Amino acid sequence: MAFPQTRLRRLRRTPALRRMIRETRLDAADLVYPLFVRPGEGQTRPISSMPGVFQHSVDRLVELCREVAQEGIPAVLLFGLPESKDAIGSSSWSEHGIVQQALRAIKAAVPDLVLIVDVCFCEYTDHGHCGVLTRRSVADSIPPDDVLTVDNDATLDNLALQAVSLAKAGADIIAPSDMMDGRIGRIRQALDLEDCGDIPILSYAAKFSSAFYGPFREAADSAPAFGDRRTYQMDPANGREALREVALDVDEGADLLMVKPALPYLDVIREVRNHFDLPLVAYQVSGEYAMLQAAGAKGWIDYERTLMESLTAIRRAGADLIITYGARDAARLIREGGLD
Ligand code: PBG
């Protein structure tokens, strides 16, 4: 007698059966909400390429953080738009810097919310690059735009200053996104020396040089004035190299790891998950969010369903936590019973 035909559809028959055998679940507790803080009072400014996302002054941000915490989202990721910029990004390590002010205010008002800070310089330098510039020792035939580059080791010193300043202002997790070599070790050492040994580091370990960051550069006013970030961020073509980046950061003392962007790099998330046991974070970046929003607004796709499907896919690939501009939408959809 022939074997009976295998019928996978038996377990797909009803919503209750589908829920029961679901392999990957999404919870508000898996999400991190990015926030942009700007100077002033009573300020809420829209970001045209990211509907639903705003730059907030500190007072408005505190109110928003109360809501975010009530919605069951455990953490926010802070980016600052400083009052002034210079060549080295020195306002990023000022005791009265914009993110430092936000940290103190949010900590006082919403003590249980985990405050993650992005540590980088592109929002703070007048040239928009992620560190201190230096001349490359190259032949004169290279076009002028190509001659300046980011000085790795000079930038490490400043990253240490920024990280310590943010930790002292109340950051719970330090998240360097600059992609300098050796930054995790340098920041770990600085935090330990400055009595901040309890503060973990979330490394943007596999951060690719991605066109999907486009809308963010409007949101954070951080577009490079010349050139691009390809001499420090990773080439999108390289998966094995991502594992080398991650291995170095683990050796240097990273406590959590990140892959960024998320959806175009699901293979990298899976590889990192298979090779390392540290908590793994994926960043669904501005361009990923903007695509869903824009196509949703045109009625070409369903924003809510594609958001939830994307987040589920990122979790299925192996991410424990997801940083997403859709965190509040997703938390609401989960609260309302998902999209079954
Ligand atoms: C800072 C930084 C960027 C993003 C996070 N941190 C921009 C960049 O590297 O160009 C992008 C986040 C997003 O697109 O949502 N270096």
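Being a predicted model, the structure only gives us computed values, none of them experimental.

About the cut-offs
- Residue numbers here run from 1 along each chain, matching the order of that chain's written sequence.
- With pLDDT at 70 or above as the cut-off, local features in this predicted model cover only qualifying residues; side-chain atom pairs require 80 or more to be listed or tallied, and sums for whole chains, interfaces and linings still use all residues.
- To obtain the side-chain values, all non-hydrogen atoms of the structure were used and water was disregarded.
- Just to be clear on terms, a salt bridge is a Lys or Arg side-chain nitrogen sitting within 4 Å of an Asp or Glu carboxyl oxygen.
- Secondary structure counts use DSSP, requiring at least four H or I residues in a row for a helix and at least two E residues in a row for a strand, with both numbered from the N terminus.
- Think of it in three bands: residues with accessible area under 20% of the maximum for their type are buried, residues over 50% are exposed, and the middle band is partly exposed, with areas taken using a 1.4 Å probe on protein chains only.
- The residues that make up patches have over 30% relative accessible area and no salt bridge, and they are joined within 9 Å when like-charged or within 5 Å when they are Val, Leu, Ile, Met, Phe, Trp or Tyr.
- Computed with a 1.4 Å probe, the accessible areas rest on the Shrake-Rupley method; for each residue, only the protein chains presented here act as cover.
- When DSSP finds at least two bridges between two strands, those strands are taken to pair.
- Call a crossover right-handed when, viewed with both strands pointing away from you, the route from the first strand across the helix to the second goes clockwise.
- Working convention for charge: Lys and Arg count positive, Asp and Glu count negative, and His plus the chain ends are omitted.
- A charge is said to be at NZ when it belongs to Lys, at CZ for Arg, at CG for Asp and at CD for Glu.
- N or O atoms within 3.5 Å of each other form a polar contact, as long as, within protein, one can give a hydrogen and the other can take it, and as long as residues adjacent in sequence are counted only when both atoms are side-chain atoms.
- For this analysis, residues touch if any pair of their heavy atoms sits within 4.5 Å.
- Each axis is a line fitted through C-alpha atoms, taken for helices only over the stretch in contact, and angles between the N-to-C directions span 0 to 180 degrees.
- The scheme is simple: roughly parallel for angles under 35 degrees, roughly antiparallel for over 145, roughly perpendicular for 65 to 115, oblique for anything else.
- For any helix crossing, the convention is left-handed if the near helix is rotated counterclockwise from the far helix by under a right angle, and right-handed if that rotation is clockwise.
- Lys, Arg, Asp and Glu make up the charged group, whereas Ala, Val, Leu, Ile, Met, Phe, Trp, Tyr, Cys and Pro make up the nonpolar group; the residues left over, Gly among them, are polar.
- Take the buried residues of types Ala, Val, Leu, Ile, Met, Phe, Trp, Tyr and Cys, join any two whose side-chain atoms come within 4.5 Å, and each joined set is a nonpolar core.
- Being near a molecule or strand, for a residue, means having at least one of its heavy atoms within 4 Å of it.

## Re the pattern of salt bridges
Summed over all chains, the structure comprises 17 salt bridges. Across the pair Glu 63 and Arg 66 runs a salt bridge, and its minimum N-O distance is 3.5 Å. Here the residue Glu 63 and the residue Arg 66 both occupy positions in helix H2 (residues 58-70), the gap between them amounting to three residues, near one helical turn. Residue class for Glu 63 comes out partly exposed when judged on its relative accessible area of 42%. When the shortest N-O distance is used, the salt bridge between Arg 273 and Asp 320 registers 2.9 Å.

## Here we look at a nonpolar patch on the surface
Together, Leu 11, Met 20 and Ile 21 make up an exposed nonpolar region whose accessible area comes to about 300 Å². Looking at the secondary structure, you find Ile 21 in the loop between helix H1 (15-20) and strand S1 (31-37). Residue class for Ile 21 comes out partly exposed when judged on its relative accessible area of 40%.

## Things to note about the pairing of strand S11 (residues 280-284)
A large share of S11 lies buried, amounting to five of its five residues. Of the two faces of S11, the one holding Leu 280, Ala 282 and Gln 284 and the one holding Val 281 and Tyr 283 are both buried throughout. Summarising the sheet, strand S10 (residues 256-260) and S11 pair through three bridges and their orientation is parallel. When the bridges of S11 are listed, Leu 257 appears paired with Leu 280. Read from S10 through helix H8 (residues 266-275) to S11, the crossover connection turns out right-handed. Both S11 and strand S12 (residues 321-324) contribute to a ladder of four bridges, which runs parallel.

## Brief notes about a positive patch on the surface
Together, Arg 7, Arg 9, Arg 10 and Arg 12 make up a region of like positive charge exposed at the surface. Here Arg 7 is to be found in the segment before H1.

## Examining the side chain of Thr 324
On the secondary structure map, Thr 324 appears in strand S12. Side chain to side chain, Thr 324 and Gln 284 meet in a polar contact 2.6 Å long. Engagement of the side chain of Thr 324 in a polar contact is seen with the backbone nitrogen of Gly 326, the distance being 2.9 Å. Apart from residues lying up to four places away in sequence, Thr 324 is in contact with Leu 31, Val 32, Tyr 33, Pro 34, Gln 284, Leu 307 and Leu 311.

## Considerations on the side chain of Asp 118
Checked against the element boundaries, Asp 118 lands in strand S5 (residues 114-119). Although Asp 118 is buried, it forms no salt bridge, and the closest oppositely charged side chain is Lys 260 at an N-O distance of 5.6 Å. A distance of 2.6 Å separates a polar atom in the side chain of Asp 118 from a polar atom in the side chain of Tyr 204. Apart from the residues lying within four places of it in its own chain, the contact partners of Asp 118 are Leu 77, Leu 78, Phe 79, Glu 123, Gln 162, Leu 166, Ala 175, Ser 177 and Tyr 204.

## Observations regarding the packing of helix H7 (residues 240-252) against H8
Geometry of a packed helix pair, given as the angle between the helix axes and the separation of the axes. Interaxial distance between H7 and H8 falls to 10 Å at its minimum, and their mutual angle equals 45 degrees. Between H7 and H8, the angle falls in the class oblique. Crossing handedness for the pair H7 and H8: right-handed. Here Ala 242, Leu 243 and Val 246 of H7 come into contact with H8, specifically with Val 268, Glu 271, Val 272 and His 275. Grouping the constituent residues of the contact of H7 with H8 by class yields five nonpolar, one polar and one charged.

## Section: the nonpolar core
Looking at soluble globular proteins, one finds that nonpolar side chains tend to be buried together. Within the largest apolar cluster, 108 residues are counted, with the highest numbers of intra-cluster contacts made by Phe 36, Ile 106 and Ile 174. Residue contributions to this core peak at seven residues, all from helix H4 (residues 152-168). Once you skip the residues sitting within four places of it in the chain, Ile 106 turns out to touch Leu 61, Val 62, Cys 65, Leu 78, Pro 111, Leu 113 and Leu 115.

## Observations concerning the site of the ligand
The local shell around the ligand holds 17 residues, among which Lys 207, Arg 217, Lys 260, Ser 286 and Tyr 325 are the closest. Ser 177 is positioned with one of its side-chain polar atoms (N or O) 3.3 Å from a nitrogen atom of the ligand. Burial of the ligand by the protein chains amounts to 100% of its free accessible area of 390 Å². Considering only residue class, the shell around the ligand consists of nine nonpolar, three polar and five charged.

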